[in-house]
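For reference, the chains in residue letters:
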Amino acid sequence: LQGRLQDDDKSCRGSPDLVSMAFVKKEHPAKSVVKGFLTGGTMVVASYPLEFCKTQLQLQSKTAPEYSGMPDVMKKTFGKHGISGLYKGASVRIFGAGAQQMCRWGAYTNFSAFFRDEKGKISVIGNTLSGLGAGCVEAIFAVTPVETVKTRVNDDMRRGTGNYKGSGDAIVKILKSEGPLGLYRGAAPTIAKQACNQAVRMPLQLQCFTLISMGDESKKSSPIYNGVAGAMAGVGSVFLTQPQDCVKSKMQGEQAKTLYKGTLDCATQMFKNEGITSFFAGSVPRSIQMAANVGLTFALYPVIGQLLDKVWA
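Heads up: these notes are all about the structure in this document. Since we're looking at a predicted model, the values are computed, not measured. Here the residue numbers are simple positions, counted from 1 along each chain's written sequence. Owing to the predicted nature of the model, reporting of local features is limited to residues with pLDDT of at least 70; listing and counting of side-chain atom pairs is limited to 80 or more, with chain, interface and lining totals taken over all residues. To obtain the side-chain values, all non-hydrogen atoms of the structure were included, while hydrogens and water were left out.

**With respect to the overall build of the chain**
Logical step 1: Secondary structure is summarised from DSSP: a helix means a run of H or I of at least four residues, a strand means a run of E of at least two, and numbering begins at the N terminus for each. Secondary structure assignment for the chain yields eleven helices and two strands.
Logical step 2: Helices (α) and strands (β) of the chain occur, in sequence order from the N terminus, as α-β-α-α-α-β-α-α-α-α-α-α-α.
Logical step 3: Taken over C-alpha atoms, the radius of gyration comes to 21 Å for the chain, in line with the 20 Å a tight globule of 313 residues would show.
Logical step 4: C-alpha extents for the chain along the principal axes are approximately 75 × 45 × 35 Å.
Logical step 5: Burial classes follow relative accessibility: with a 1.4 Å probe on protein chains only, a residue under 20% of its type's maximum area counts as buried, one over 50% as exposed, and anything between as partly exposed. Put simply, the chain has 313 residues, and 51% of those count as buried.
Logical step 6: Two residues form a contact once any of their heavy atoms are found within 4.5 Å. Contacts spanning at least 24 positions in sequence make up 78% of the contacts within the chain whose residues lie at least 6 apart.
Logical step 7: All accessibility values rest on the Shrake-Rupley procedure with a 1.4 Å probe; residue burial counts only the protein chains present in the view. Accessible surface, the chain: about 14,400 Å² in total, of which carbon and sulfur atoms supply 66%. When we talk radius of gyration, it's over C-alpha atoms, and the globule rule is simply 2.2 Å times the number of residues to the 0.38.

Right, dumping it as structure tokens:
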């Protein structure tokens, strides 16, 4: 009987349907919050220029484009505004990314606890559903208002209209003229995008990790292996969520309120006026951005967790 139990345990550990993240564990909720916030802020500082380029390419008209690609965005922005131009709207994004990661990892840890067995293993379906729930939570409480402010500040700079001095000024003016709902433009495509993102990334990162680590359990805490697997998962999720991201950016632009009746109307006009390719604008910079963002997230989260463990038992 003992031999059979040992065989069953080995079978469970080796099963591709039951997996675990070494750095996702039960801990004090406040600790998960701090880890997520530090991870998100650090990640944005390193990768924001790529996000800026992606947004500019999505906001421009496909029929009369201002930029030929990501290098052109960087060249023209740097020439006109300097390095600070590539970080326009970054302050709210840095804070927002901290809040986003805080919501994501806090929600994922709690949702996944319902699906884990006594050994901490979780099925692919359970992992997907946990990611889906985490994506919805982060979209509602962090991503949508932050993305709205970032997009409108970027669009304002692109148009040269000078409506906003910066992110803080944009928040105040949007709240005064449109109320709290003004920060939730494009909420539907944002929730759809983030839910799909995390539903795909969480299980895909684990599958990629298993592939590159060759099943070596000792590498589960490695920031390099987790980062590379995260980068692969980030790129893989882009092409499933790029249409939602493009609609979201259009809905959060400065003229969206007068141009579109709603999310469906926006998508319909994009298809009629600019064709199917309009739903994949900015795919290249977003792929690079997501590889950097998700890779850094999965690499930084366990490292920050290890550092916090030394001072916060």
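**Re the packing of helix α4 (residues 90–113) against helix α11 (residues 283–311)**
Logical step 1: For the pair α4 and α11, interaxial distance at closest approach is 13 Å and the crossing angle is 70°. With respect to α11, the element α4 is oriented roughly perpendicular. Mapping the contact onto sequence places Gln-101, Arg-104 and Trp-105 in α4 and Thr-297, Phe-298 and Tyr-301 in α11. Axis lines are fitted through C-alpha atoms, for helices just across the contact stretch, and the angle between N-to-C directions can take any value from 0 to 180 degrees. Roughly parallel here means an angle under 35 degrees, roughly antiparallel means over 145, roughly perpendicular means 65 to 115, and every remaining angle is called oblique.

**Comments concerning the pattern of salt bridges**
Where side chains of opposite charge bring their charged atoms close, a pairing between them can arise.
Logical step 1: For this document, the term salt bridge refers to a Lys or Arg side-chain nitrogen within 4 Å of an Asp or Glu carboxyl oxygen. Throughout the structure, instances matching the rule amount to 17 salt bridges.
Logical step 2: Among the salt bridges present, the one from Arg-152 reaches Glu-178, with a minimum N-O distance of 2.9 Å. One end of the pair, Arg-152, is in helix α5 (residues 124–159); the other, Glu-178, is in helix α6 (residues 167–178), and 26 residues separate them in sequence.
Logical step 3: A relative accessible area of 22% means that Glu-178 is categorised as partly exposed.
Logical step 4: The partner of Lys-173 in a salt bridge is Asp-169, with the nearest N and O atoms 3.2 Å apart. Separated by four residues within a single helix, Lys-173 and Asp-169 lie in helix α6, roughly one turn from each other.
Logical step 5: Beyond isolated ion pairs, a larger network of salt bridges with shared partners links Glu-51, Glu-147, Lys-150 and Lys-248.

**Looking at the packing of aromatic side chains**
Where two aromatic rings form a pair, the distance of their centres and the angle of their planes describe that pair.
Logical step 1: Working definition: rings of Phe, Tyr and Trp (its six-membered ring) pair if their centres are within 6.5 Å, and the pair is stacked with planes under 30 degrees apart, edge-to-face with planes over 60 apart, and tilted otherwise. Taken as a whole and judged by the stated rule, the model has five aromatic pairs.
Logical step 2: Their ring planes at 75° and their centres at 5.8 Å tell us that Phe-37 and Phe-95 sit as a pair that is edge-to-face. With Phe-37 in helix α2 (residues 29–59) and Phe-95 in helix α4, the pair connects residues that are 58 residues apart, well separated along the chain.
Logical step 3: Assessed through its relative accessible area of 32%, Phe-37 is described here as partly exposed.

**Details of the packing of α5 against helix α7 (residues 187–213)**
Logical step 1: It is the contact of α5 with α7, at a shortest axis distance of 7 Å, that shows an interaxial angle of 140°. For the element pair α5 and α7, the recorded crossing hand is right-handed. Side by side, α5 and α7 meet where Val-124, Asn-127, Thr-128, Gly-131, Leu-132, Gly-135, Cys-136, Glu-138, Ala-139, Ile-140, Val-143 and Thr-144 of the first sit next to Ala-187, Thr-190, Ile-191, Gln-194, Ala-195, Gln-198, Ala-199, Met-202, Pro-203, Leu-206 and Gln-207 of the second.
Logical step 2: Asp, Glu, Lys and Arg are counted as charged, while Ala, Val, Leu, Ile, Met, Phe, Trp, Tyr, Cys and Pro are counted as nonpolar; the rest, among them Gly, fall into the polar class. Among the residues making up the contact of α5 with α7, the classes are represented as 13 nonpolar, nine polar and one charged. For any helix crossing, the convention is left-handed if the near helix is rotated counterclockwise from the far helix by under a right angle, and right-handed if that rotation is clockwise.

**Some points on α6**
Note: α-helices contain 3.6 residues per turn, so residues at a spacing of three or four share the same orientation.
Logical step 1: Expected helix span is computed as 1.5 Å times (number of residues minus one). In this model α6 runs 16 Å from its N-terminal to its C-terminal C-alpha over twelve residues, within 8% of the 16 Å that 1.5 Å per residue would give.
Logical step 2: Looking only at α6, the buried set comprises Ser-167, Ala-170 and Ile-174. The buried side chains of α6 occupy one side of the element, clustering within an arc of 50° when seen end-on.
Logical step 3: Residues of α6 that are buried make contact with α4 and α5.
Logical step 4: Phi for Gly-179, located one or two positions after α6, is positive at around 80°. When we speak of the arc, we mean the arc of directions from the helix axis to the C-beta atoms.

**Some details on a nonpolar patch on the surface**
Logical step 1: Each patch is built from residues that are more than 30% exposed by relative accessible area and take part in no salt bridge. Like charges join if they lie within 9 Å; nonpolar side chains (Val, Leu, Ile, Met, Phe, Trp, Tyr) join within 5 Å. A contiguous nonpolar surface patch, about 620 Å² in accessible area, is contributed by Phe-111, Phe-114, Phe-115, Ile-125, Leu-129 and Leu-132.
Logical step 2: A per-element tally of the nonpolar patch places α5 first, with three residues.
Logical step 3: Checked against the element boundaries, Ile-125 lands in helix α5.

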